[in-house]
Structure formats: structure tokens, C-alpha cells
Amino acid sequence: MSVLEISDIHKSFGALDVIKGVSLVFKPGTVTALVGDNGAGKTSLLKLIAGIYPLDRGDIFLEERDLSMAEAGSRRSLGIEMVYQDLALARNQDVITNLYLGRERVSLGGFLRRGEMRERGQQLLKDMGINLPALNRPVGAFSGGQQQAIAIARAVMFNPKVLLLDEPTAALAAREVESTLALINKQRDAGRVVILVSHRLNDVMAVSDRIVVLKHGQVLTDDPTGNVSLSQVVERIVS
Amino acid sequence: MITASSQKLGLSKGRFRRAALSFARNCAFLLILCVFFSISSRYFLTFSNIENILTSSSVLALLALGSVFVIASGGIDLSVAAVMALSGVVTAAVYRDNPELSSWLALLICASVGTLCGVVSGILLALTRAPSFIISLGMLSVTRALAYIVANGAPIYDLPQNVTEWGQGTVLGVPGPVAIMLLALIGSYLILHHTRLGTHILVLGDNSFAAEAMGIRIHNLRTKIFAISGALSGVAGFVFMTRTNAGDPTAGQNYELMAITAVILGGANLFGGKATIIGTVMGVLCLGVLQNGLNLLAVSSYYQVLFVGVVLISAAMLERFEDMA
């Protein structure tokens, strides 16, 4: 049974066709890697699924519900979360503010229920094995890996069905990459659809169940990770 | 200790530290000014003069409280003083023809005119996607011109006494303008530091893409921010009108820049994401004391403007050094 289905989606920016008729089906508990050369349409595809860009044509279904016209906020509340390459964190604000961004717990009059938010945020970070020295520091004061972990924690905080990750390991040191890949594995184990865009093919081979190669906005190949080698993937990307 | 205090104030530890530094800097500056002017003028440290400083600062404080929301969101509102003038003039025109109306209605009209101007600015921002600097500059011209048109070029005098009592009387021994300013201060503090709206405003200034990606409707949010700024400008117009017993179309010229100066003195980042209400009020008090002290020393108004400029540049340089430290 599929959780997410995209059907014949198209997107152009002016005269440039960035996505040309992509159709894919995603099952729960799988990590799908989207790979391809620069300009292949990987990030654009993620942003179309997240609702950051509106579709020109085609359909997106989440558990058979048509989300094609839904905007980013609605898709988020229905269970599609994205971790952006630049993380989309408010760097002057603290960890809890960032975790609850757009979903703050409030009482009558819109007053923040800080205690409740802090308690739940702390518990979530603990459950995810994320150790941060202080939750009331601005997130800009944390390391790249810690910021990445905060962005992933924010994305999974409200139990999404689909998790979109754009270059989650691009700017991380080796040890931070390991912990980020472990976090991705945990999301698969939790039964989520994980769609990963990465240029780091070693990471892709380590964590994904399926590799989709995109070229000029179209699906070139779509294989289980076990059926292809790293060199074959590279060949397809540069072919 | 710092953590507990920062939590009570609704600020993160890093922001709290910077805000505390900015607060301490303003306190030190205020203290130096007070000591200097106390030595220089025997009239400075008197009850009536302190009351005068607070009362005369109330209009600027209300404009600065409106501006702090806009600046925290990464925008700028240059129309606050013109909106203040328009609110006062419209209300004075209404009371010229209908002096029997309740004085509460005057406050409501001022706040409504201001809010309407803010909503128009917000809608124009959403429609044009132009920078707030441009839209608010346009609104400055439009609202100032409307104030002149409504007033027919001259101040509208002789408001009913029940209206002017708001600006010239007292509430529980506190001058009316100061009482209004304190209420606005408490409301602004609660909104910016303890509500979802305040959080979204700071996040919008911090990273507008993050705000949008997390489902915050940033165009609606900007309209709300400008509506708050407009409402407080309208209330400032009410205070100005009731203090001077006139709806004056020339009211508050250059106050928009003074309001921005006060917000920046209070430690706000002009590019958004960082601002505090307490800091802004401290900034207003610094400017109020400086102007009052210079007046007492009979310093020419040209030099007063010069001093304000020097203070702003010094504050910006100190802020820069603090960020680098």
C-alpha cells in the first residue's frame, strides 16, 4: 500500500521546464534517494511535494487524498514535512521556538504555553538521542550537526507520514553525518516515507532502500538500492 | 539565575544576554545623563520635571512601540508620525462638529484611523511585494497630505474639555498620557514576548523563508504588524491631540526617525529578528532625558538634533562591538 503517490507532475520556471511528467509511488517504512546532476530537478521535486512551489500539472496524493492544490501549511498539517538544505531555522530564536514554529501551543488569547512546549520538546529530543547543551540558546549558536538535528526533530515532532530531506549531510563533519544517517534510519523504522536528496552517494548507498536517478526533470532509472552499485549510479548520473 | 530570569521575560538565554547587555548600556547612559543634567541644572531632578519628561516622552514611546513590531519583523514604517497627525486631525474634525460625543469615542476614532492606515500599508505590501520602506514612504506622503486636506491646512483647535482631560488630567495621580503609555507598554510586551503572534513576528524578521515554509501566512502577518503599528500611531495621535488641544496636521514631523532611533537604541536589529519592548522604552527614556536636559540648558535645537545623531551612531558602534565580542 502506498502512502504518497505523485502522478505526471510538471513544473516550469518561465521557459525552463524543471520537472517533466514525473510519476512515483512511495511505500511506508522506506527511504528513497533522489539523485542526479545539478539541475536534474531533485530539490524542485521535493519542493513541489512540500507545496513550496505550486504544480503546473499533475497530481499528488497522500493516502489517496488529493493534495495537488494544497499549500505548504496544509500539507504540513496533513503529514508532509521537509528539512531544507539551509534548514529554514530562525537562528536568533531558541530551540523550542524553532521546534514549534508554526505549531505553537497556546492558551486563550494566543499566549504561549511555554512549559508544555519545553517539556514535550525536551522529551522528543531525548527520545531521538539528540543531546543539546541548552534549549534556551539561539539555534545559531549550535554546530551544523546540532542544527541539522534540530531541523529533523522539528520535522518529525508531529509524526509526519512523509519526510523530505534536502541534502541533510552536505555541510556536516564525518561524525555528524553518522548521527544524521542514524536519525534517518530511525524514521524508516518508524514507518515513515523518507525521500532524500543528496550528492553524497556513499551516504545514499548506506541509508536508502531505493534510488531514483533524475535527469533533465524526468525519471531516468528507479531501482532498489541492492540492485545497483555505486559506480552504476554514477554512470547513470553522468550519462 | 540568568536562565530563570530569561524564561520569565520570554527570551532565550543568548537573546537575554544581549538584551541584558543592551539594557545595562542604556541604564548606564541614562544614569550618566541624569547625573550630568542634575549637576548642570537645579531644575532637572525635580518631581515636576520628571513628570514632564515622562509626559512629553509618551507620544514618542507610543510611536516607538508601534515601530518595534515592524522592525522586529525586518520591515520599517516611516508613516507612523504622519498617521499620528492624520488620526488627531480626523478626530478633531469630528469633535469640532459634534462636541457632545463621548471622549472614549475620540480614542476609538484615533485608534481606528491608525489601524486602517496600517491595514492599507499591509495590503499594499502584500499586493506589490515592494519593500516596506517604499510603501511606508508613500503612506507618509499620503497620510500627511490627507491630514492637511482634512484640517484645511491649519490646526483644528478647541476640543471639548472631556476629551482634552485625557491628555491634561491624571488617572490615579498618574498623568493621562503616561497612563496610556504604560498600558500600551504592557500590552506590547505581552504580545511581542508571550504570544504566538509575537513569536511569528520575530521569526519573520529572523528568516522569512523559514516562516513561510512552516506555514505562517507572512502577508497576513505583515498586515497585522502594520495594523498594530498603525493602531499605536493612532493612540499617539490621541495623546498628542489631547495634550495640545488641537488636531494639528504638522504634528510629529520627523518623529518617525526618532521612533526608529529609540528602537535601535533599545538594542533591536534593524534587519529584524531581535527586539525587546523594555529596551525600546529605555531608548525612548534616553532620548527624552537628553532632549529635556538640553532644553533646560538652553541648547539650540540644531545642536539637539546633532546630539541625537551622535547618540544613535554611538549605540550602533557599541552594538557592533558587542556582537564581535
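Just so it is clear, the structure is predicted and the values come from calculations on it, not from any experiment. (Residues numbered from 1 in each chain as written. Chains lettered and ligands numbered in written order. Predicted model: local features only at pLDDT ≥ 70, side-chain atom pairs only at ≥ 80, totals over all residues. Heavy atoms only, no water.)

Caption draft 1: Representation of helix H5 (residues 103-128) of chain B in the model. Over its 26 residues, H5(B) runs 38 Å from end to end, which matches the ideal 38 Å to within 8%, given 1.5 Å per residue. The N-capping residue of H5(B), defined by a side-chain oxygen 3.1 Å from the backbone nitrogen of Trp104(B), is Ser102(B). (Helix = DSSP H or I, 4+ residues; strand = E, 2+ residues; numbered from the N terminus. Expected span 1.5 Å × (residues − 1). Polar contact = N/O pair within 3.5 Å; in protein donor to acceptor, adjacent residues only side chain to side chain.)

Caption draft 2: Broad picture of the environment of Ile6(A). All names here are of chain A. Along the chain, the position of Ile6 falls in strand S1 (residues 4-13). The buried category is assigned to Ile6, whose relative accessible area is 2%. In this structure Ile6 touches Val22, Ser23, Leu24, Phe26, Leu45, Ile49, Asp59 and Ile60, once residues within four positions along its chain are discounted. (Buried < 20%, exposed > 50% of the residue type's maximum accessible area, 1.4 Å probe, protein only. Contact = heavy atoms within 4.5 Å.)

Caption draft 3: Just the interface of chain A and chain B, in detail. Each partner contributes to the interface: chain A provides 28 residues, whereas chain B provides 28 residues. Roughly 2400 Å² is buried in total at the junction of chain A and chain B, and carbon and sulfur atoms are behind 55% of that figure. Linking chain A to chain B there are one salt bridge. Here Arg217(B) ties to Glu71(A) by a salt bridge, and the two come within 2.9 Å at their closest N and O atoms. (Buried area = accessible area lost by both parts, 1.4 Å probe. Salt bridge = Lys/Arg side-chain N within 4 Å of Asp/Glu carboxyl O.)

Caption draft 4: Unusual backbone geometry, seen in detail. Residues and elements named next belong to chain B. Positive phi values are uncommon outside glycine, yet Asn152 reaches one of about 60 degrees. With respect to the helices, strands and loops of the structure, Asn152 is situated in the loop between helix H6 (132-151) and strand S1 (156-157). A positive phi angle is found at Ala298, which is not glycine, with a value near 60 degrees. Topologically, Ala298 is positioned in the loop between helix H13 (277-296) and helix H14 (301-324). Here Ala298 falls in the exposed class, since its relative accessible area comes to 69%.

Caption draft 5: Spotlight on the sheet that holds strand S2 (residues 16-26) of chain A. Residue and element names in this part refer to chain A. Pairing within the open sheet is antiparallel, and its four strands lie in the order S2-S1-S4-S5. Looking at the sheet topology across the chains shown, the edges are occupied by S2 and strand S5 (65-66). Here two bridges tie strand S4 (residues 57-62) to S5, and the two strands are oriented antiparallel to one another. Directly across from Leu62, in S5, lies its bridge partner Arg65. The sheet contacts of helix H1 (residues 42-50) involve S1, S2 and S4, and relative to S1 the element is tilted by about 115 degrees. (Pairing = 2+ DSSP bridges. Axes fitted to C-alpha atoms, helices over the stretch in contact; angles between N-to-C directions.)

Caption draft 6: View of H13(B). All names here are of chain B. Between its terminal C-alpha atoms H13 stretches 28 Å, which fits the 28 Å expected from 20 residues at 1.5 Å a residue. Most of H13 sits out of view: 15 of its 20 residues are buried. At the N-terminal end of H13, a side-chain oxygen is found 3.0 Å from the backbone nitrogen of Gly279, two or three residues along, and the residue is Thr276. Positive backbone phi, at 60 degrees, marks Ala298, one or two positions downstream of H13.

Caption draft 7: Representation of the packing of helix H3 (residues 47-72) of chain B against helix H4 (residues 80-97) of chain B within the structure. Residue and element names in this part refer to chain B. Across the interface, H3 lies against H4 with an axial gap of 10 Å and an inter-helix angle of 125 degrees. Regarding the angle of H3 to H4, the classification is oblique. Here the hand of the crossing between H3 and H4 comes out right-handed. Touching Val59, Leu63 and Ser67 of H3 are Val80, Ala81 and Met84, all from H4. For the contact of H3 with H4, the per-class residue count stands at five nonpolar, one polar and no charged. (Parallel < 35°, antiparallel > 145°, perpendicular 65-115°, else oblique. Left-handed = near helix turned anticlockwise from the far one by under 90°. Nonpolar A, V, L, I, M, F, W, Y, C, P; charged D, E, K, R; others polar.)

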